[in-house]
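Structural description and commentary
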Amino acid sequence: MNSPISLSLAAAALLAGCAAAGPKATAAKPGVATLDVRRTAASTKALDEIATSYLRLSLEIGTHEPGYIDAYYGPPELQKAAEAAPRDKPALLAATRALMTQVDLAVRRISDPLAKRRATFLRAQLRAAETRLMMMQGTRFTFADEAERLFGVRPRLQPLASYDPELAKIEAFVPGEGALADRVEAYLDAFTIPKDRLQKTFDAAIARCRGRSMAHIPMPEGESFRLEFVTGKSWSGYNYYQGGYHSLIQVNTDLPIRLSRALDLGCHEGYPGHHLLNMKLEEKLVKERGWAEFSVYPLYSPQSLIAEGSANYGIDLAFPASSKADTERDVLMPIAEIAVPSDDRYWQLLAAIKRASGARLTIAQRYLDGEIDRPTAVALTQKYMLVSPQRAEQSVSFTDQYRSYVINYGLGETMVRAWVERGKPSRDEMWRRMARIVSEPTLPSDLLAR
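Residues numbered from 1 in each chain as written. Predicted model: local features only at pLDDT ≥ 70, side-chain atom pairs only at ≥ 80, totals over all residues. Heavy atoms only, no water.

1. A look at the overall build of the protein chain
In terms of regular secondary structure, the protein chain is built from 20 helices and five strands. The C-alpha radius of gyration of the protein chain comes to 23 Å, within 12% of the 22 Å expected for a compact globule of 450 residues. Along the longest, intermediate and shortest principal axes, the C-alpha atoms of the protein chain span 80 × 50 × 40 Å. Per-residue burial over the protein chain gives 54% buried out of 450 residues. (Helix = DSSP H or I, 4+ residues; strand = E, 2+ residues; numbered from the N terminus. Rg over C-alpha atoms; globule rule 2.2 N^0.38 Å. Buried < 20%, exposed > 50% of the residue type's maximum accessible area, 1.4 Å probe, protein only.)

Here is the structure:
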């Protein structure tokens, strides 16, 4: 399969050639590809009809599982109709499989590369819907099978012992007695943002995330977000996209918030993360192309690997090398009234902790596959993620609620990073590639294509 870059350029060239030739240009020269306008129109109509059915289908599935629909900003009457008379789960499963067959038939008649990607995207989203409906009715998959069917990529996990060398390196940053996790927590507690400084610190962090993103990716006019601090959640931050280029960003304050979370959440939930991705999909695919399927976002779908992976990678893209530490040291710490450290140990420790973060996926796999019980999962989370019992409980609660969704963060980031940075491009080219990821019907398989 072609990469998103080559596909979009090919589509643009083909459509541009068609427009230049005009409607009478039907004769083909030997060896020159032509576009069958009638066939293309029929294929587009077929996909549009499938997309409308997919929209209604997704909304009806959402009535059976709170949180299944992460965002919807399509016609309100469609949502009302779905909620008023949803089909039962067996009927929805049958309808999902029928739509998959329709996509398979339609894609054979499509020649436009971008339209093919649209059809492939719809097919992958429908397979995820099929899987989630099966799970709602009692089917259980292994962690790897579930992740592959829902999110479009099969995780290859490392044994926990492979992270032990990283833990040994972390020991050097926080020498002393007692458990390593306790020492790390005690050290990082000094970088907690006081509650009365949270708003100002996050406002400043998000503003800098936005400014760096705006310098490379144009924002739709009138875009905005609202920031709220909440409690009682299993996650640390969440973006609820409202449509019309507006988001509600929530930050969970159940546990003390460290300074490192300000830029992380500002980029991840805002710019160039979830808020920017959803805006560009609405702008480029829903409004400019009329692709209605992108006005709904089912959480358990390949779209989430792209969303979480690009949001996580967006932190390093916006703040490469030492610029993140510099911003925290020079701008955010004074706002948060946190004492600026005299050396770089704080940032070196955070980098080392991130290198061990893949352990979270292995712990989730063993827990969800029944190889370990919940107390063991909490204990292993505390050991390998170097967190307090309370933070470990929150992490495992997230796994309880979202299951294999956890792969989308680390694995998604790795895949986006590899695609954006392939061939050692310039910074400008890296941003251009990021813009393509968040503005096109991108699947995990696109990131693996060469």
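2. Quick look at the environment of Phe-319
Along the chain, Phe-319 turns up in the loop between helix 12 (302-318) and helix 13 (323-336). Of the residues examined, Phe-319 reaches a relative accessible area of 2% and is grouped as buried. Once residues lying within four places of it in the same chain are set aside, the contact partners of Phe-319 are Arg-208, Cys-209, Arg-212, Leu-263, Cys-267, Lys-324 and Thr-327. (Contact = heavy atoms within 4.5 Å.)

3. What about the packing of helix 4 (residues 89-107) against helix 5 (residues 113-136)?
One can describe the packing of helix 4 onto helix 5 by two numbers: an axis separation of 9 Å at closest approach and a directional angle of 160 degrees. With respect to helix 5, the element helix 4 is oriented roughly antiparallel. As helix 4 runs across helix 5, the sense of the crossing is left-handed. Every residue of helix 5 that contacts helix 4 at Lys-89, Leu-92, Leu-93, Thr-96, Arg-97, Leu-99, Met-100, Val-103, Asp-104 and Val-107 is listed here: Lys-116, Ala-119, Arg-123, Leu-126, Arg-127, Ala-129, Glu-130, Leu-133, Met-134 and Met-136. (Axes fitted to C-alpha atoms, helices over the stretch in contact; angles between N-to-C directions. Parallel < 35°, antiparallel > 145°, perpendicular 65-115°, else oblique. Left-handed = near helix turned anticlockwise from the far one by under 90°.)

4. Things to note about the packing of aromatic side chains
Each pair of aromatic rings is reported with the distance of its centres and the angle of its planes. On inspection of all chains with the given rule, the structure shows 16 aromatic pairs. A connected cluster of aromatic rings, assembled from ring pairs, spans Phe-151, Tyr-300, Phe-398, Tyr-402, Tyr-405 and Tyr-409. The aromatic ring of Tyr-300 is capped on one face by Arg-132, whose charged end is 3.5 Å from the ring centroid. Against the face of Trp-347 rests Arg-329, its NZ or CZ located 4.5 Å from the ring centre. (Phe/Tyr/Trp six-rings, centres within 6.5 Å; stacked < 30°, edge-to-face > 60°. Lys NZ or Arg CZ within 6 Å of the ring centre and 35° of its normal.)

5. Some details on the environment of Asn-278
If you trace the backbone, Asn-278 turns up in helix 11 (residues 274-287). Taking the C-alpha atoms as reference, Asn-278 lies 9.8 Å from Tyr-240; in sequence the two are 38 residues apart. If sequence neighbours within four positions are ignored, Asn-278 has contacts with Tyr-73, Asn-239, Tyr-241 and Tyr-297.

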